[in-house]
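# What the coordinates show
Read off the chains here:
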Amino acid sequence: HRTPRDRTALRKDCWKVRRRIIREKVVQALYAHEITGDPLEHVFACVLTGLEDNKAAHEFAKNLVTQTVKHSADIDTIIKARVANWDFKRIAILDRLILRMGICELLYFREIPPKVTMNEAIELAKLFSTERSGQFVNGVLDAVLNDIKNVGPEVLGDGAVTKAGRGLYEGDTAERPSKTRKSAP
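The model shown is predicted, which means the values in this text are computed figures rather than measured ones. (Residues numbered from 1 in each chain as written. Predicted model: local features only at pLDDT ≥ 70, side-chain atom pairs only at ≥ 80, totals over all residues. Heavy atoms only, no water.)

## Some details on the confidence of the model for the protein chain
Residues of the protein chain with pLDDT of at least 70 account for 72%, and the chain-wide mean is 80. Every residue in residues 13-17 is under pLDDT 50, and counting partners more than four places away or in other chains gives 0 contacts. Counting contacts from residues 167-185, a segment whose pLDDT is below 50, to residues more than four positions away or on other chains yields 15 contacts. (pLDDT = per-residue confidence, 0-100. Contact = heavy atoms within 4.5 Å.)

Here's what the structure looks like:
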């Protein structure tokens, strides 16, 4: 017999698993598009199979792929600025695609907390690339997140959104939005 708390935790775990699977499909779609140059609609039809049953999951995946591809030139500029000592073309293709996806989430998906984006990208890099890729992706995304905190997303990308919520405000409490408390009667 499960308590309401157990059921809530189970739903949250299921959503995490689904989001991870969705992001795995997104990486596969980005890879297919990058390698073949096929139109996105064709890539969606071939790669996002299995997500059609969950409309929200399918729409999220399509939107994330579309936005990542749409903003890839701007995102690549951001990546190049963070890896000045690396030849951009020599970065493993899957690492580049995961970085593009992660930066796209940081800049254009307000509803996704930054820590979730970073953790998911790190795990995907470990899954699809190497253990060291996780560290590399973490370093680049952390630098981009710090730029978002310090200079704002509008400096980094056209149409980027202001992030809010858990995982964005850390460190100095003076930087956090103030919370008003009701005084006790």
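## Digging into the packing of helix α6 (residues 114-128) against helix α7 (residues 131-151)
At a closest axis distance of 7 Å, the pairing of α6 and α7 adopts a crossing angle of 155°. Viewed along their axes, α6 and α7 adopt a mutual orientation that is roughly antiparallel. When you trace α6 past α7, the crossing you get is right-handed. Residue-level inspection shows Pro-114, Met-118, Ala-121, Ile-122, Ala-125 and Lys-126 of α6 in contact with α7, the latter providing Glu-131, Ser-133, Gly-134, Val-137, Asn-138, Leu-141, Asp-142 and Leu-145. Among the residues making up the contact of α6 with α7, the classes are represented as 8 nonpolar, 3 polar and 3 charged. (Axes fitted to C-alpha atoms, helices over the stretch in contact; angles between N-to-C directions. Helix = DSSP H or I, 4+ residues; strand = E, 2+ residues; numbered from the N terminus. Parallel < 35°, antiparallel > 145°, perpendicular 65-115°, else oblique. Left-handed = near helix turned anticlockwise from the far one by under 90°. Nonpolar A, V, L, I, M, F, W, Y, C, P; charged D, E, K, R; others polar.)

## Details of the environment of Asp-76
Mapped onto the elements, Asp-76 comes out in helix α4 (residues 72-82). Residue class for Asp-76 comes out buried when judged on its relative accessible area of 11%. Once the C-alpha coordinates of Asp-76 and Arg-100 are considered, the two residues, 24 residues apart in sequence, prove to be 7.2 Å apart. Residue contacts for Asp-76: discarding those within four places in its chain leaves Phe-88 and Arg-100. (Buried < 20%, exposed > 50% of the residue type's maximum accessible area, 1.4 Å probe, protein only.)

## Overview of the pattern of salt bridges
Inspection of the entire model under this criterion finds 6 salt bridges. In this structure, the salt-bridge partner of Lys-126 is Glu-123, at a minimum N-O distance of 3.6 Å. Within this pair, Lys-126 and its partner Glu-123 are both found in helix α6, separated by 3 residues, close to a single helical turn. By relative accessible area, Glu-123 is classed as partly exposed at 33%. Where salt bridges share partners, they join Glu-34, Asp-76 and Arg-100 into one cluster. (Salt bridge = Lys/Arg side-chain N within 4 Å of Asp/Glu carboxyl O.)

## Section: the packing of helix α5 (residues 93-108) against α6
At a minimum axis distance of 10 Å, the contact between α5 and α6 shows a crossing angle of 170°. In terms of their interaxial angle, α5 and α6 are classed as roughly antiparallel. The residues of α6 that touch α5, namely those facing Leu-94, Ile-98, Met-101, Gly-102, Glu-105 and Leu-106, are Pro-114, Thr-117, Ala-121, Leu-124, Ala-125 and Phe-128. Across the contact of α5 with α6, the residue classes break down as 9 nonpolar, 2 polar and 1 charged.

## What about the packing of aromatic side chains?
The final tally for this structure, using the stated rule, is 2 aromatic pairs. Geometrically, the ring pair formed by Phe-60 and Phe-109 is edge-to-face, given 6.0 Å between the ring centres and 75° between the ring planes. Placement of Phe-60 in helix α3 (residues 55-70) and of Phe-109 in the loop between α5 and α6 is noted, with a sequence separation of 49 residues between them. Like Phe-60, the residue Phe-109 is buried in the burial classification. Seen in terms of ring centroids, Trp-86 and Phe-136 are 5.3 Å apart; in terms of plane orientation they differ by 50°. Their pairing is tilted. Highlighted residues: Trp-86 in the loop between α4 and α5 and Phe-136 in helix α7, separated in sequence by 50 residues. When its relative accessible area of 17% is taken as the criterion, Phe-136 is described as buried. Positioned above the aromatic ring of Phe-60 is the side chain of Arg-19, whose terminal nitrogen or guanidinium carbon lies 4.0 Å from the ring centre. The ring of Phe-88 has Arg-96 sitting right over it, with the charged end atom 5.5 Å from the ring centre. (Phe/Tyr/Trp six-rings, centres within 6.5 Å; stacked < 30°, edge-to-face > 60°. Lys NZ or Arg CZ within 6 Å of the ring centre and 35° of its normal.)

## Observations regarding the nonpolar core
One finds Val-26, Ile-103 and Leu-141 to be the most contacted residues of the largest nonpolar core, which totals 46 residues. At the level of secondary structure, the elements contributing two or more residues to this core comprise α1 (4-36), α2 (40-47), α3, α4, α5, α6 and α7. Considering each element in turn, this core owes the most residues, 10 residues, to α5. Apart from residues no more than four positions distant in its own chain, Ile-103 is found in contact with Ile-75, Ile-78, Ile-79, Leu-141 and Val-144. (Core = buried A, V, L, I, M, F, W, Y, C linked by side-chain atoms within 4.5 Å.)

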